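Chain and residue survey
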Amino acid sequence: MNISYNWLKDYLDFRLNPEELAAALTSIGLETGSIEEVESIKGGLKGLVIGEVLTCIDHPDSDHLHVTTVNTGDAQPYQIVCGAPNVAAGQKVVVATVGTKLYSGDESFTIKKSKIRGVESNGMICAEDEIGIGTGHTGIIVLPADARVGTPASEYYKVENDYILEVDITPNRIDAASHYGVARDLAAYLQVKGGFTVHLKKPSVDTFKINDNSPTVTVTVENTEACPRYSGLTIKNVTVKESPDWLKKRLESVGIRAINNIVDATNYVLQETGQPLHAFDLQEIIDNKIIVKTLPEGTPFVTLDGTERKLSDKDLMICNLEGGMCIGGVFGGLNSGVKDSTTDIFLESAYFNPTWIRKTARRHGLHTDASFHFERGADPNITVDVLKRAALLIQELAGGKITGEIQDVYPNPVPDAKVELSIRKTWNLIGKQIPAEIIETILKNLEIKIIDKEDDIWTLDIPTYRVDVTRDVDVIEEILRIYGYNNVETGDSLKSNLSYETQTDISYKLQNLISEQLTGYGFNEILNNSLTAGAYYEPSTAFPKAQCILPANPQSAEIDAMRQTLLFGGLESISFNRNHKNPDLHLYEFGNVYSYHAEKEQENNQFAAIREEFHLSLWLTGNNADNSWIRPAEKTSVYELKALVENILLRLGIPAKKAVFKPVEDDIFSAALSIETFSGKKLGILGIIQKAVCKRFDINAEVYFAELNWDALMKENKKVFVKYSEIARFPAVRRDLALLIDKNVSFAEIEKIAYQTDKKILKEVSLFDVYEGKNLPEGKKSYAVGFTLQDEEKTLNDKQIESVMSKIQKNLEDKLNALLR
């Protein structure tokens, strides 16, 4: 793609020369192959200067030549022999001094000191065609009297030299296939590299307004898969004519032939924003109705190049009531485009499905600027802004009135992609700890929004123009690209992190770790079918039957639904084992669960309502230890299960400070605790299965069950940053509080408030006594809670300890109405 140096400066003020710009673009992944200087006038009028004819006499040996002396601002005037009939003393003229190179087409010649019929001549007084500013040759150029002697002609004529950079755009970087896209990347680079604030100047559409509200064209999109968004507007009373010089020069500099002011405006905006546009002659839109649809297989259609093509029923067409006008996103029709006689136009700005466009372009052998952009993925969320920008430019070039409301058919808006970025993973993958503030600056300049920061994890909003950024590693590549590959030091040895563990690898590794931990506790792993009996979910509010995903052709009534929970498969396993005289069981299972959520249905995405999660479940039943000479039989308990779950969380880097167990009501459990983070994200549930549920499986014993959302646990684990430190040299201090609280208050609430009060020296909160009974007010209970405090840098003094304990006590009093006994 050709990028104009001067055009780029319209959007970003930078001080790099063309060679430095090429190096900068190459360093951020926009490899620049060549730099070509382009002159608006060939030769750039170098060596030409404004002079004044001091004297003019006839040549002694010619009847048409004149001998002049010309002041060019140098110390001495020059004698120049001139053959122009209109030369005279007192004129301001353009002078080519000795050594100046003049061009005539592709040929050139150099002005030399010479003798013309015996008289010395030291230059040349020029006509228009001789220096390339016109075609006249009837006489020399005579300038206004106020032209300043000695001024370079390039300055007087405001010659603009430009540099064209050939930038190789990789297929995934369609966002950089425009001048504004390149400026956006360059701005991010300069912000980081130069350390100073740069401002992108996006073309403004603030002055856009509708001049006439009369109804005009209406748009119907029948195929929303091929055309997710179609925008357009009508402009009436335009004048089609030749474009002004500035526009023609801009387009010609990047290799685009100027056609007329309307078409040139759409091409200009394409090069500016990367969004293809198409202008229709309004007279060709019958009854002012546009239909976006496909036509029957084999339908003939004559394209703009005069070729008749046979359409496929997979070619998207922009049609009027009688037939096709344009192959959508690829090529216009012969008669529907803008002509010299056109007075009213309909301007199209759409987003087409890249796959449809790519297949149509290949099918017909058409490779246009529009198809190049659409088949790589345009931005669906800029169509209207670009439409306004183009309409304002057309009004500037061709006049006209914007008539009627903007037509914008966008049934299913495309949201920004959400990506979770681990700063630790970024450092590991890049091989360098780039400061977080620099990472934030890079993301901001790439228009990637930081929605949330939680510990090591940043939640990002990826703009829709970045079709290639969908994963955290894509974001990391963007950070490294702008930060600079050359800024990552290799040191004495090459350190490669290309084999960095993915989240899937980490999940497998941790699954094995937890499996070994549970096996060490005496558990056995089970593996059940993902298909289960739908009857298990009737009646249930915890797992409604309506949320079951039902196979179209179930093998039997026993396996007619995808499981929503691992619970029932485990109960089947417990029932089977008990029936075979194996009643004492510690079981666990890793597996997927599935659910259907009708409220999340989308018209073009049948899977949007389906949720698939990976879970870990534990079951305890029977005795924990058999009767023996050393001790009596010991039954399993829900407290044992809770301790096991806490150990799993701790092994995954989620200590008590980051998780709370809250009592909840559930129609599966007779008593249950919801496991959540302090921010309210649900991690799982544990409790005692209701006897009625157990009875359905012929189990006449208590069953304790926990189900953990492994996907949610892995998200929390991503935030864990293991730090090694020496054993604290300073002693810990414990303080106890006996609290009188309401019976409905849980220890988890006390724990949460305490950790929120102090995050530095409060190391542990423990419950060591619970009392309910005599001598307590109605509806109250007493908790004895221990608080362990420790400063890793110094010994705590009484003042510090009392300060923290006073804050904790006050918060408990304010938030839980707790009283000190």
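The paragraphs below set out a description of the structure included in this document. (Residues numbered from 1 in each chain as written. Predicted model: local features only at pLDDT ≥ 70, side-chain atom pairs only at ≥ 80, totals over all residues. Heavy atoms only, no water.)

Details of the overall build of the protein chain
Note the threshold: Here a helix means four or more residues in a row that DSSP labels H or I, a strand means two or more in a row labelled E, and each is numbered from the N terminus. Radius of gyration means the value over C-alpha atoms here, while the globule rule gives 2.2 Å times the residue count to the 0.38 power. Three exposure classes are used, based on accessible area relative to the maximum for each residue type with a 1.4 Å probe and protein chains only: buried under 20%, partly exposed in between, and exposed over 50%. Throughout, a residue-residue contact means that at least one pair of heavy atoms, one from each residue, lies within 4.5 Å. Values of accessible area rely on a 1.4 Å probe in the Shrake-Rupley scheme; residue burial ignores everything except the protein chains shown. We score Asp and Glu as negative and Lys and Arg as positive, and we do not count His or the chain ends. A charged residue contributes its charge at one atom only: NZ of Lys, CZ of Arg, CG of Asp or CD of Glu.
A tally of regular secondary structure across the protein chain gives 20 helices and 41 strands. In summary, the protein chain has a C-alpha radius of gyration of 39 Å against a globular reference of 28 Å for 821 residues, an excess of more than 25%. C-alpha atoms of the protein chain, sized along the principal axes, occupy 140 × 75 × 50 Å. Here the protein chain, with 821 residues, has 48% of them falling under the buried criterion. At a minimum sequence separation of 6, the contacts of the protein chain that also span at least 24 residues come to 70%. Only carbon and sulfur atoms are counted for the fraction: they give 48% of the accessible area of the protein chain, which is about 41100 Å². Once the 90 positive and 117 negative side-chain charges of the protein chain are each reduced to a mean point, those two points are 5 Å apart.

Some points on the packing of helix 5 (residues 179-194) against helix 13 (residues 472-483)
Quick note on the threshold: Between the N-to-C directions of two axes lies an angle of 0 to 180 degrees, each axis being a line fitted to C-alpha atoms and, for a helix, fitted only over the stretch in contact. Ten residue types, Ala, Val, Leu, Ile, Met, Phe, Trp, Tyr, Cys and Pro, are classed as nonpolar, four, Asp, Glu, Lys and Arg, as charged, and the remainder, Gly among them, as polar.
The interhelical angle for the contact between helix 5 and helix 13, taken along N-to-C directions, is 65°, at an axis separation of 9 Å. Each of D185, A188, Y189 and V192 in helix 5 lies in contact with helix 13, whose residues at this interface are R481, I482 and Y483. Looking at the contact of helix 5 with helix 13 residue by residue, the classes come out as five nonpolar, no polar and two charged.

Notes on the environment of Y180
Mapped onto the secondary structure, Y180 falls in helix 5. On a C-alpha basis, the gap between Y180 and R362 in space is 28 Å, while along the polypeptide they are 182 residues apart. With near-sequence residues (within four places) excluded, Y180 lies in contact with Y11, L200, K201, K202, E272 and E447.

Some words on the packing of aromatic side chains
The relative placement of two aromatic rings is captured by the distance of their centres and the angle of their planes. Rules: Planes of paired rings set the category: under 30 degrees apart is stacked, over 60 is edge-to-face and the rest tilted, where pairs are Phe, Tyr or Trp rings (Trp by its six-membered ring) whose centres lie within 6.5 Å. Remark: a charge is flagged as sitting over a ring if the NZ atom of Lys or the CZ atom of Arg is within 6 Å of the ring centre and within 35 degrees of the ring normal.
Taken as a whole and assessed by the stated rule, the structure comprises 17 aromatic pairs. When the ring of W246 is compared with that of Y268, the centres are 5.7 Å apart and the planes differ by 90°; the resulting orientation is edge-to-face. One end of the pair, W246, is in helix 6 (residues 245-253); the other, Y268, is in helix 7 (residues 261-273), with 22 residues separating them in the sequence. For R184, the ring lying beneath its charged end belongs to Y465, and the centroid distance is 3.7 Å.

Quick notes on the state of the cysteines
Heads up, the condition is: Two cysteine sulfurs form a disulfide in these notes if their separation is within 2.5 Å.
Under the counting rule described, the total for this entry stands at zero disulfides. The thiol sulfur of C126 is not disulfide-bonded, and the nearest other cysteine sulfur, from C82, lies at 9.2 Å. Among the cysteines around C694, which has no disulfide bond, C548 carries the closest sulfur, lying 20 Å off.

A word on the environment of E640
Structurally, the position occupied by E640 is in helix 16 (residues 638-651). Remark: the alpha-carbon pair of E640 and L620, spanning 20 residues in sequence, is separated by 8.9 Å. Residues contacting E640, with those up to four places away along its chain left out, are H586, L620 and N624.

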